[in-house]
Structure formats: C-alpha cells, structure tokens
Amino acid sequence: MKVLILSCNTGEGHNSAAAAVAGALTRKGIENRVFDPLVLAGKYAERFVSGAYTTIMKKAPSAFNALYRAGDIYSSTGVASPVYHANARYAANLRAFIETNGYDRVVCTHLYPMETMTAIRKAGDFPVPCYGVLTDYTCIPFLAETDLDGYFIAHEDLRAELVEKGIRSERIIVTGIPVDEKFSHRMDKAAARNYLAIPQGPDVFLIMSGGIGVGDAGAICSEILRRHSGAFTVFILVGRNSELKHTLEEKYAGNEHVRIVTFTKKVNVYMNAADVMISKPGGLTSTEAAVAQVPLVQLLVYAACEAPNIAFFASHGLSERAENAADAAEKAVALARDKEKAEAMRQAQRNAVAPDAADKIAERIVLP
C-alpha cells in the first residue's frame, strides 16, 4: 500500500499533522509521502499562497478574521465557493499524480486538497479512498462542500456541529488531532530541565508565539516580569519570525530571566520543562500541549477557528482563557503557584485529548 498525505504551507499546524500521520504510517511499514498539491497549480501558486498567509497573519490578523467570517457565511449558501473552484483547477493534475504514482489512499490535513479531491471524485470513476483530518476544534468554513470517505475529528463533542453543517455522521471518525509521538513520550520535569540546562528549582514559563511568530509575546513576558518575584525563567519561542527575535533580544538584553528561542524541534522538551505555558489557541499547538500535559493559559490573538478552539479547551478544563497580556501573565503566575489546580488541569488533558491520534488514523485508513 502507498499513502499520499496532502498538506499546504499555511501555518505549521497542517504540516505538523501531516508529518504525524506520516510517522504513524512509517511505523506500520506503509510507504507514504507528504506532498503540497499547490505545486501542481502553477509555478508560483504555492509560494504565493504561503507567503500571503504569513503576511496576513503577521501584519493584519483582523483581515484573516474577516475572510474567515465571510467563508462561514458563504458555506451556508450551499453554492460551490470560489475556494472550491480555485482548487478544482488543478484537479486533473493531482489525479494524474495520484494514478501515475500508484497511491492507494489519500489523506488531507488541509481544506485546499480536500476541495481538490472532491472535484476529482465528482468527475467520477475514481476508486481511491480519501480522508480529511480536521486540525481545529470546530467545523471550518467550506468543509461542508467537500465529499470525502471520512473525516477525522478531535473529540466526540464536535460531531453535532459537523452534522449540523452538513457532514454525514457515519463519515465522522473520532480519533483526536494527530501530533508527533514525541509529545506523548514525556520526559519528567527534572530530566527535561537537565537536558535544557535549566535550574531545577525556579518557576519556568514558556511563551509560544506560533510557527511564524504571531501575538505580543513581549507584552506577556513583561507582565510576568512585573508580577513574579524570586527565581524564574521565561522562555519565548519565536518560531521563524526573525523580526520578533531581533525585537525581543534588544528589549531584554542582559535580563537573566528571559531567553529567546528560535524555531526548534525540541518544543516537547520545553513543554516538559515548563511549569506553565502561554500560547495562542492554535489547534495543533493546543493539542501538543495537552498531550505533553503542561498547564496552559491561552490568549486569543485572532478569532476565526481559534475562538472555538479556546472555548473548547477552557470549557473542558484543559486551559485557562486570558483576555489580554496582563491577564495571561497573572493567570500563569497563579497557576505556577497552585500545584493542585495545575495537576487538575493535567488530569483533564489526559482525559480529553488522545495522545495516539496519528496511530488511530493510520490504522483506520489502511482498512480494506
């Protein structure tokens, strides 16, 4: 069997989910490939889409909110959207790619290839099973106009929303959101701190700004510095945002409490070392934190799909919601000091979030 996993470079989350599924398939001895189908849409399509997404998220998140709301409204009309038609344009190329390379299954971790696969299926005579992986705790706009064999979702509590939007219940498969297995292979706090050369005693705060570095991490850090007394360290993971890195390094030059970390593959170790993590509520980052069982404070950077993400986490006891940087810092410091509350949150994370979602997805898609 050969499995094609389709993702797009619009944020780290979709690619991280694709890599997690690929890892699970590889462990099962199944040949697979992660591929961005936008390269089949034209010479500059992939670069344009990923570049535009990064620019909007860094410079104008409010514009993304407006686009998201418009998409939600458009989905309710039942008419094929411009998003569908744009992705249907390269359906013939993707079909040829699948058939030429002999793929037996297709898994999509992004809406765009879900739309393209729907166009392929509508053309008829296409026997390859195709699945979608939802990487947020909600039904995203335009999902209802896709037609796939199955949809892997984060939690049973989300089924009703998808059914209401038009996804058939029998096609909904509850697995959890797939994350790299390293997040479930937890190091104890002492070992993680030894690995990162962090002192064992002081409180450790981890501020995550997302793969492209969005949100005012500096404001949160300054509020922690103002509120916390004693020994502590704040790690700020800035992803690939070199501008944010430079700004924060200048701002906290010489401050022994603050460390700036660029893109790293050891995020799980930082989570294991931390007493509290502060993050925007991206679907993948939130799931990784819950699987790693780190007490979590979430601050909404932009609405869109992250609003239902934060609502799900807060309502299930998986995180505390903060309204602004000062509130995030206050709740983080309090959570670091309240060990019973922190442990109750870790227990809720263990109860609600599946650490083996990628393996469950791999097992399901290889069924005859």
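Conventions adopted
- Residues numbered from 1 in each chain as written.
- Predicted model: local features only at pLDDT ≥ 70, side-chain atom pairs only at ≥ 80, totals over all residues.
- Heavy atoms only, no water.
- Helix = DSSP H or I, 4+ residues; strand = E, 2+ residues; numbered from the N terminus.
- Buried < 20%, exposed > 50% of the residue type's maximum accessible area, 1.4 Å probe, protein only.
- Polar contact = N/O pair within 3.5 Å; in protein donor to acceptor, adjacent residues only side chain to side chain.
- Contact = heavy atoms within 4.5 Å.
- Axes fitted to C-alpha atoms, helices over the stretch in contact; angles between N-to-C directions.
- Parallel < 35°, antiparallel > 145°, perpendicular 65-115°, else oblique.
- Nonpolar A, V, L, I, M, F, W, Y, C, P; charged D, E, K, R; others polar.
- Salt bridge = Lys/Arg side-chain N within 4 Å of Asp/Glu carboxyl O.

**Notes on the side chain of T116**
- Relative to the helices and strands, T116 resides in helix α6 (residues 111-122).
- For T116, a relative accessible area of 0% gives the class buried.
- Among the polar contacts listed, one links the side chain of T116 to the backbone oxygen of N87, at a separation of 3.1 Å.
- Leaving out residues up to four positions away in the same chain, T116 has contacts with N87, Y90, A91 and L94.

**Considering the packing of helix α14 (residues 325-337) against helix α15 (residues 339-352)**
- In the contact formed by α14 and α15, the axes pass within 5 Å of each other and the chain directions differ by 95 degrees. Between α14 and α15, the angle falls in the class roughly perpendicular. Of the residues in α15, those in contact with L335, A336 and R337 of α14 are K339, K341, A342 and M345.
- Residue composition of the contact of α14 with α15, grouped by class: 4 nonpolar, no polar and 3 charged.

**Thoughts on the pattern of salt bridges**
- Enumeration over the complete set of coordinates arrives at 21 salt bridges.
- In this structure, K2 engages E31 in a salt bridge whose closest nitrogen and oxygen atoms are separated by 4.0 Å. On the criterion of sequence distance, the pair formed by K2 in strand β1 (residues 2-6) and E31 in strand β2 (residues 31-35) is long-range, its members being 29 residues apart.
- Accessibility expressed as a relative area gives 21% for K2, which makes it partly exposed.

**Some thoughts on the side chain of Q298**
- Here Q298 shows up in strand β11 (residues 296-299).
- Taking relative accessible area as the criterion, Q298 reaches 0% and is therefore assigned buried.
- With sequence-adjacent residues up to four places away left out, Q298 is seen in contact with S279, P281, S286, I310, F313, S319, E320, R321 and A322.

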